[in-house]
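Chains, contacts and geometry: an overview
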Amino acid sequence: MDQIFDKLQAVSDRYDELNELISDPEVIADTQRFMKLSKEEGGLRETVETYHHYQDVSTALDEDQELLQEKLDDDMTEMVKGEIADLEKEKAELEQKLKILLIPTDPNDEKNIIMEIHGAAGGDEASLFAADLYNMYVKYAEMQGWQVEIIDEADTEVGGFKEIVLMITGNKVYSKLKYENGAHRVQRVPETESAGRVHTSTATVGVMPEEEDVDIDIDPADIRTDVYRSSGAGGQHINKTSSAVRMTHLPTGIVVAMQDERSQQQNRAKAMTVLRARVYDYYKQQEEDEYNAQRKSAVGTGDRSERIRTYNFPQNRVTDHRIGLTLNKLDKVLAGDLNEIIDALIISDQAEKLEHLNDADA
């Protein structure tokens, strides 16, 4: 635990420093800096308070153990031994809690997300499954009190989606939905299947944190922007103006096209939001690929080509392959009840990171 105590003391020292800074009139006058430091202070508060509680329990335990060395009557000895047993149990629980609190947090956890759902293998059935996933995430977002905005969509004649791009905003959206990144498989009898055979189709889900200017620096010279006339509904307005926008990030070849909005300026803003997230995701994925080449992650956020979950309609079953979790309530999951799956993924991720922390301390 020595290395862990060193980290805890460093956190405690930083917490004290932050409290001094946010009391400084100059810092208070700088609203942006004050908010940033206050957020950091709030993020450390639980760890520091738990650490101080741990120190108090350790001190009380040492005092009781010293007391046992003195000449005590039988009743007092039993009482002190009882206190020691309770304190040792509490100390062990606090040690475990402190280890979890020291697990590095994902800097993107607080962010909103851009989610892309694509119908993959399976033609029309894959596009219909993409629509099912879209509805599932919308319902889950509503349960969380989040807001969902459709940024772009390409629907199919059968009522599904070749692709749909969403912006989901709210409290800690990325922290929960980052585990949805990957290939989702459905097994069911399509409505068009007269023989009643079960077909297998897939859809892919991409989850990217919304990136602001400060998060990733994209050189404007690396972006080629083309404007053109929008296609589809819109009447005379569509025919008269070049409001659609296509942005290409030249170093990566990433292309974003946007034509949903009436004005070119609105389409530019939305296209830039998506492009920034995709470029960030591209470079982040490269870093993760390098890391996973050295050590395969049990959960991670999932490679987009990796099958992460199967939705079996005939047996009303959903299975998350990363952690071996199977639930026989597919109907509820598709209705937005994702809490049990997401909570299990978070716990598995924490357990793996805790193992790394223990290995480092060994």
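Everything quoted here is computed from the prediction, not taken from an experiment.

Our next topic: the overall build of the chain. Of regular secondary structure, the chain possesses 10 helices and 11 strands. Counting over 362 residues, the chain shows a buried share of 40%. Considering only residue pairs separated by 6 or more positions, the chain has 62% of its internal contacts joining residues 24 or more positions apart. Of the accessible surface of the chain, which amounts to about 19,800 Å², a share of 47% is contributed by carbon and sulfur atoms.

Let's shift gears to helix α3 (residues 31-68). For α3, which comprises 38 residues, the first-to-last C-alpha distance of 55 Å matches the rise-based estimate of 56 Å (1.5 Å per residue) to within 8%. Along α3, the helix axis deviates most sharply at R45, where the bend reaches about 40 degrees. For α3, every residue scored as buried is listed here: L37, E41, L44, T47, V48, T50, Y51, Y54, V57, S58, L61 and D64.

Across all of its chains, the model carries 18 salt bridges by this definition. A salt bridge links R322 to D320; the shortest N-O distance between them is 2.8 Å. Per residue, the accessibility class of R322 equals that of D320, and both read buried. Between K329 and D337 there is a salt bridge, and its shortest N-O distance comes to 3.6 Å. For K329, a relative accessible area of 19% translates into the label buried. Judged by its relative accessible area of 25%, D337 is partly exposed. Several salt bridges share partner residues, and in doing so they unite E180, R309, D320 and R322 into one network.

Here we take up the confidence of the model for the chain. Interpretation of this model should avoid reading the predicted coordinates in detail wherever pLDDT is low. Put simply, the chain has an average pLDDT of 84, and 86% of its residues get 70 or more. Here residues 233-239 is modelled with pLDDT under 50, and outside its nearest four sequence neighbours on either side it reaches 8 contacts, counting other chains as well. Below a pLDDT of 50 lies the segment residues 294-303, which in the model reaches 26 contacts outside its immediate sequence neighbourhood of four places, other chains included.

Another aspect to go through is unusual backbone geometry. Phi is mostly negative for residues that are not glycine, and the peptide bonds are mostly trans. For K172, which is not a glycine, the phi torsion comes out positive at approximately 55 degrees. On the secondary structure map, K172 appears in the loop between β3 (161-169) and α6 (173-177). Backbone geometry at N316 places phi at a positive 50 degrees, although glycine is not the residue there. For N316, the location among the structural elements is in the loop between β9 (307-312) and β10 (317-320).

For the rest of this paragraph, the subject is the packing of aromatic side chains. Per the counting criterion, the structure on display carries 5 aromatic pairs. Ring geometry for F129 and Y311: centres 5.3 Å apart, planes at 65 degrees, overall edge-to-face. Of the two residues, F129 sits in helix α5 (residues 124-144) while Y311 sits in strand β9, which places them 182 residues apart along the sequence. A relative accessible area of 0% means that F129 is categorised as buried. The aromatic ring of Y280 is capped on one face by K111, whose charged end is 5.9 Å from the ring centroid. Sitting over the ring of F313, R188 keeps its end group 4.7 Å from the ring centre.

As summarised here, the arrangement of the 3 strands in space is β6-β7-β8, forming an open sheet in which the pairing is antiparallel. Looking at strand neighbours, the two that pair on one side only are β6 (223-228) and β8 (254-258), the edges of this open sheet. Averaged over all neighbouring strand pairs, the angle between strand axes comes to 15 degrees, with direction disregarded. With 6 bridges joining them, β6 and strand β7 (residues 244-249) adopt antiparallel strand pairing.

About the thresholds
- Residues numbered from 1 in each chain as written.
- Predicted model: local features only at pLDDT ≥ 70, side-chain atom pairs only at ≥ 80, totals over all residues.
- Heavy atoms only, no water.
- Helix = DSSP H or I, 4+ residues; strand = E, 2+ residues; numbered from the N terminus.
- Buried < 20%, exposed > 50% of the residue type's maximum accessible area, 1.4 Å probe, protein only.
- Contact = heavy atoms within 4.5 Å.
- Areas by Shrake-Rupley, 256 points an atom, 1.4 Å probe, with all protein chains shown as cover.
- Expected span 1.5 Å × (residues − 1).
- Bend = angle between axes of the 7 residues up to and from the residue.
- Salt bridge = Lys/Arg side-chain N within 4 Å of Asp/Glu carboxyl O.
- pLDDT = per-residue confidence, 0-100.
- Phe/Tyr/Trp six-rings, centres within 6.5 Å; stacked < 30°, edge-to-face > 60°.
- Lys NZ or Arg CZ within 6 Å of the ring centre and 35° of its normal.
- Pairing = 2+ DSSP bridges.
- Axes fitted to C-alpha atoms, helices over the stretch in contact; angles between N-to-C directions.

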